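What follows is the residue order along each chain.
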Amino acid sequence: MLFWWQAPARSRIPRAQKRREEALRRMAALAERLRQQEPELDPKPILELPLEQLVQKLLADELSLESVLCSYLEEAMKVHQEVNCLTDFLDECEEQLQALKKLKKSERGLLYGVPISLKDVYDCMGHDSTCGLAQFLEKPAAKDGVVVKVLKAQGAIPFVKTNISQTLLSFDCSNPIYGQTLNPQNLKKTPGGSSGGEGALLAKGGSILGMGTDTGGSIRIPASFCGVCGIRVTGYRLSNSGVASAVKGRKTVVTVTGPLAWDVESLALCLRALLSEHMHRLDPTVPFLPFREEVYSSNRPLRIGYYESDGFTQPSPSMARAVKLTCRLLQDAGHQVIPFSVPRTEYAFFHLFLGSLFADEGASLLEKLKGDIVDPSMKNTVTSLRLPDSLKRFLAWIWKYIEPRVSQGLETLCGVGRALTRGRVLLGTLDRTPKKLWELHTAVEEYQQEFIAKWRSLDLDVLLSPALDPAFFVGYPAKTQESSFYLGLYNLLNFPAGIVPVTTVTPQDEKELAFYRGYYRDRFDKSFQEVYPYKCQPKELLVGKRCRVLMVHGPLLLVEGGGQGQIPEGKLKGYLKPPPPPFLSL
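Everything numeric here is computed off the predicted structure, so don't read it as measured data.

Draft legend 1. A look at helix H21 (residues 523-530). What H21 keeps buried is the set Phe524, Asp525, Ser527 and Phe528. Down the axis of H21, the buried set is contained in an arc of 165°. They therefore lie on one face. Buried residues along H21 sit in contact with helix H12 (317-332) and helix H17 (404-412).

Here it is, written out as structure tokens:
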């Protein structure tokens with residue numbers, strides 16, 4: 001009987017894998033047809049163009065739409081063969097290309113002719129949005145999602161969908177349908193997750209602009225691990241309509257959409273295109289707050305807060321060094337840098353962040369996994385969620401004196417209370433469950449205000465934080481999930497946050513890693529040490545207050561420009577950004 005229940009969902013996986021193979025063959029066929037139109041095409045000069053220059057050449061008809069799409073189709077297929085990053089080919093891109101060719105020059109959008117990749121979860125008519133779950137297979141979207149519609153209206157050509165972690169709640173990139181995506185910088189490493197397919201494809205040049213989603217670092221971790229730029233905007237700043245999710249309904253730690261790209265200017269161009277009245281008309285729940293050029297082009301010196309450690313996970317030597325390097329560069333450029341400390345990190349992670357993610361004891365998540373294969377990246381979490389509450393609490397009591405963080409994690413997975421047990425109402429529990437949930441929401445709001453008050457007391461414009469780096473070996477994200485709170489903190493706060501490359505790991509960083517002990521010296525700290533020493537790119541995380549997307553972009557540009565040890569001469573203008581209007585809550 002159990003096998004009968006599991007079979008329907010699992011049986012879809014081989015069919016999905018076959019559909020992907022067929023889609024990739026159609027992708028290769030289109031590339032071949034386009035190649036025949038321009039047999040002398042050299043894709044290298046096209047693939048080396050930054051986004052802004054590519055758009056300019058397309059708008060000026062210096063490059064044909066066919067040559068650009070062909071170049072990226074061919075390159076994306078090469079990257080996929082190496083790292084397994086694609087889940088689907090969007091056949092309609094050929095029809096869209098022909099429609100764009102008929103437009104007058106005055107009708108061309110900001111992203112005219114740009115091939116763009118989409119994370120698996122973005123609805124495209126006729127295609128599955130799987131979240132790495134068998135239950136979501138063979139349920140093609142009836143229409144494009146709002147973000148996809150706006151991108152197409154701006155002239156972008158979505159051409160592929162990319163791989164994700166199962167349920168989107170792991171920062172590895174693996175699921176039972178499409179398998180493990182690898183990091184193109186080192187094939188033994190993960191590209192991060194859950195938007196790992198995007199990070200891997202961009203890092204290897206198979207895409208020039210991609211769209212991801214972020215619940216606890218899912219845009220920023222792949223950007224960090226793969227050496228590209230990415231940003232999560234404030235919640236509800238971009239539409240989530242037509243974006244699939246394994247768990248919907250959370251109100252405190254919300255999933256947001258956002259772009260990944262090679263450089264910060266590309267992120268800005270993408271948001272110029274998305275932050276439009278068109279998006280507001282398609283989804284009136286999204287306020288019409290356009291990109292403010294006057295803020296973006298200002299050059300007032302900033303007051304920049306910074307911290308090398310969140311006090312919860314000891315940073316790797318390269319993470320701490322990257323912050324020091326960036327602070328020096330910012331000071332040399334005329335900015336003030338002010339020390340900042342994150343308040344009550346342990347409380348924020350266990351009670352607020354994890355408490356919000358698993359307020360229902362993981363019931364919604366487990367429901368989506370019925371009849372499915374649990375990916376190794378999710379096995380520890382799912383096994384813990386499936387334990388009876390009484391056993392979780394008993395184990396938490398035992399681990400309290402051995403591994404305190406394990407104990408707190410098990411307590412958190414018990415959720416905020418249960419309304420029903422074995423079909424019978426427990427006296428008083430029905431009232432307590434929503435009350436406890438509202439108390440959790442209140443606690444999150446109070447923490448947000450505590451953080452904001454500290455920010456304002458220092459009169460900060462922006463905050464500089466270490467990102468999680470370098471990339472982990474495949475399989476290790478499941479062993480040290482708490483380290484991702486360097487990124488997840490800003491989902492809890494609902495602040496915009498971006499990633500930019502800064503420097504590379506040095507032999508000295510690797511030597512210092514031998515002395516790494518962590519703050520708790522528990523299994524998580526030991527696993528965190530094991531994921532390192534190897535060369536990759538440590539990054540910096542730039543954070544602004546809620547709705548202050550431009551406040552992130554400006555400093556990101558500044559750090560990006562100074563990442564090699566100096567600010568490029570004559571390019572300070574446009575790097576330094578002032579604060580936008582007073583704090584606005586959506």
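Draft legend 2. The arrangement of the pattern of salt bridges in detail. Per the counting criterion, the structure on display carries 24 salt bridges. The shortest N-O distance in the salt bridge between Asp91 and Arg26 comes to 2.4 Å. Here Arg26 lies in helix H1 (residues 2-37) and Asp91 lies in the loop between strand E1 (86-89) and helix H5 (93-101), a separation of 65 residues in the sequence. Looking at Asp91, the relative accessible area reads 28%, which means it is partly exposed. Among the ionic pairs, Arg33 bridges to Glu94, the shortest N-O distance being 2.8 Å. Pair noted here: Arg33 is in helix H1 and Glu94 is in helix H5, with a separation of 61 residues, a long-range link. Overall, the relative accessible area of 39% leaves Arg33 in the partly exposed class. Within this structure, Arg15, Arg19, Asp128 and Glu138 form a network of salt bridges that share partners.

Draft legend 3. Representation of the UniProt feature "coiled-coil region" (unreviewed entry) in the protein within the structure. In the UniProt entry, the feature "coiled-coil region" (unreviewed entry) is given for residues 83-110. Helix makes up 36% of residues 83-110 and strand 14%. Its end C-alpha atoms lie 31 Å apart.

Draft legend 4. Here's a closer look at the packing of aromatic side chains. Tallied over the entire structure, the rule returns 20 aromatic pairs. Aromatic pair Phe312 and Phe350: ring centres 5.8 Å apart, planes at 85°, arrangement edge-to-face. Of the two residues, Phe312 is situated in the loop between strand E9 (303-306) and H12 and Phe350 in helix H13 (residues 345-357); the sequence distance between them amounts to 38 residues. The exposure class of Phe350 is buried, given its relative accessible area of 3%.

Draft legend 5. Structural detail: the environment of Gln529. Within the secondary structure, Gln529 sits in helix H21. Taking C-alpha positions, Gln529 is 8.3 Å from Gly518, a pair spaced 11 residues apart along the chain. Other than its neighbours up to four places away in sequence, Gln529 contacts Leu513, Ala514, Tyr516 and Arg517.

Draft legend 6. View of a nonpolar patch on the surface. A contiguous nonpolar patch, built from Leu391, Phe394, Trp397, Ile398, Tyr401 and Ile402 and spanning about 670 Å² of accessible area, is present on the exposed surface. Turning to its location among the elements, Tyr401 is positioned in the loop between helix H16 (389-399) and H17. Since its relative accessible area comes to 64%, Tyr401 is described here as exposed.

Draft legend 7. Summary view of the nonpolar core. Met27, Leu274 and Phe451 are the most contacted members of the largest nonpolar core, which totals 122 residues. The biggest single contributor to this core is helix H4 (residues 65-83), with 10 residues. In this view, Met27 contacts Leu73, Ala76, Met77, Leu86, Phe89, Phe159 and Val160; residues no more than four positions away in its chain are not counted. With 21 residues, the next largest nonpolar core counts Phe171, Ile221, Ala471 and Leu513 among its residues.

Draft legend 8. Geometry of the confidence of the model for the protein. Residue-level pLDDT values for the protein average 88, and 87% of them are 70 or greater. Per-residue pLDDT stays below 50 along residues 419-431; that stretch engages in 10 contacts with residues further than four places along the chain or on separate chains. Confidence drops under a pLDDT of 50 for residues 562-586, and excluding neighbours within four residues, the segment shows 73 contacts in the predicted structure.

Draft legend 9. Looking closely at the packing of H13 against helix H19 (residues 485-493). Contact pair H13 / H19: the axes reach a minimum separation of 11 Å and the direction vectors enclose 65°. Crossing handedness for the pair H13 and H19: left-handed. Every residue of H19 that contacts H13 at Thr345, Ala348, Phe349, Leu352 and Phe353 is listed here: Phe485, Gly488, Asn491 and Leu492.

Draft legend 10. Representation of the side chain of Asp461. Summarising the element assignment, Asp461 is placed in the loop between helix H18 (429-457) and strand E13 (462-466). Of note is the side chain of Asp461, whose polar atom sits 3.3 Å from the side chain of Arg300.

Draft legend 11. Region of interest: the pairing of strand E14 (residues 497-501). Most of E14 is tucked away: five of the five residues are buried. Neither face of E14 is exposed, since Ala497, Ile499 and Pro501 on one face and Gly498 and Val500 on the opposite face are all buried. Sheet topology note: the strand E7 (residues 229-232)/E14 ladder contains three bridges and is antiparallel. Looking at E14, one finds that Gly230 is bridged to Ile499.

Draft legend 12. How the structure looks around unusual backbone geometry. In this structure, Ser194 follows Gly193 across a cis peptide bond, with omega equal to 10°. With respect to the helices, strands and loops of the structure, Ser194 is situated in the loop between strand E5 (179-180) and helix H7 (196-203). Pro470 follows Asp469 through a cis peptide bond whose omega is -15°. Tracing the backbone through its elements, the reader meets Pro470 in the loop between E13 and H19. The phi dihedral of Thr167 falls on the positive side, at around 70°, and the residue is not glycine. Secondary-structure assignment places Thr167 in the loop between strand E3 (157-162) and strand E4 (174-175). Of note in the backbone geometry, Arg521 takes a positive phi value of approximately 55° without being a glycine. Position of Arg521 among the secondary structure elements: in the loop between helix H20 (507-513) and H21. Judged by its relative accessible area of 59%, Arg521 falls in the exposed class.

Reading guide: rules and limits
- Residues numbered from 1 in each chain as written.
- Predicted model: local features only at pLDDT ≥ 70, side-chain atom pairs only at ≥ 80, totals over all residues.
- Heavy atoms only, no water.
- Buried < 20%, exposed > 50% of the residue type's maximum accessible area, 1.4 Å probe, protein only.
- Helix = DSSP H or I, 4+ residues; strand = E, 2+ residues; numbered from the N terminus.
- Arc of directions from axis to C-beta.
- Contact = heavy atoms within 4.5 Å.
- Salt bridge = Lys/Arg side-chain N within 4 Å of Asp/Glu carboxyl O.
- UniProt positions renumbered as here; feature names shortened; annotations may be inferred.
- Phe/Tyr/Trp six-rings, centres within 6.5 Å; stacked < 30°, edge-to-face > 60°.
- Patch = residues over 30% accessible without salt bridge, like charges linked within 9 Å, V, L, I, M, F, W, Y side chains within 5 Å.
- Areas by Shrake-Rupley, 256 points an atom, 1.4 Å probe, with all protein chains shown as cover.
- Core = buried A, V, L, I, M, F, W, Y, C linked by side-chain atoms within 4.5 Å.
- pLDDT = per-residue confidence, 0-100.
- Axes fitted to C-alpha atoms, helices over the stretch in contact; angles between N-to-C directions.
- Left-handed = near helix turned anticlockwise from the far one by under 90°.
- Polar contact = N/O pair within 3.5 Å; in protein donor to acceptor, adjacent residues only side chain to side chain.
- Pairing = 2+ DSSP bridges.

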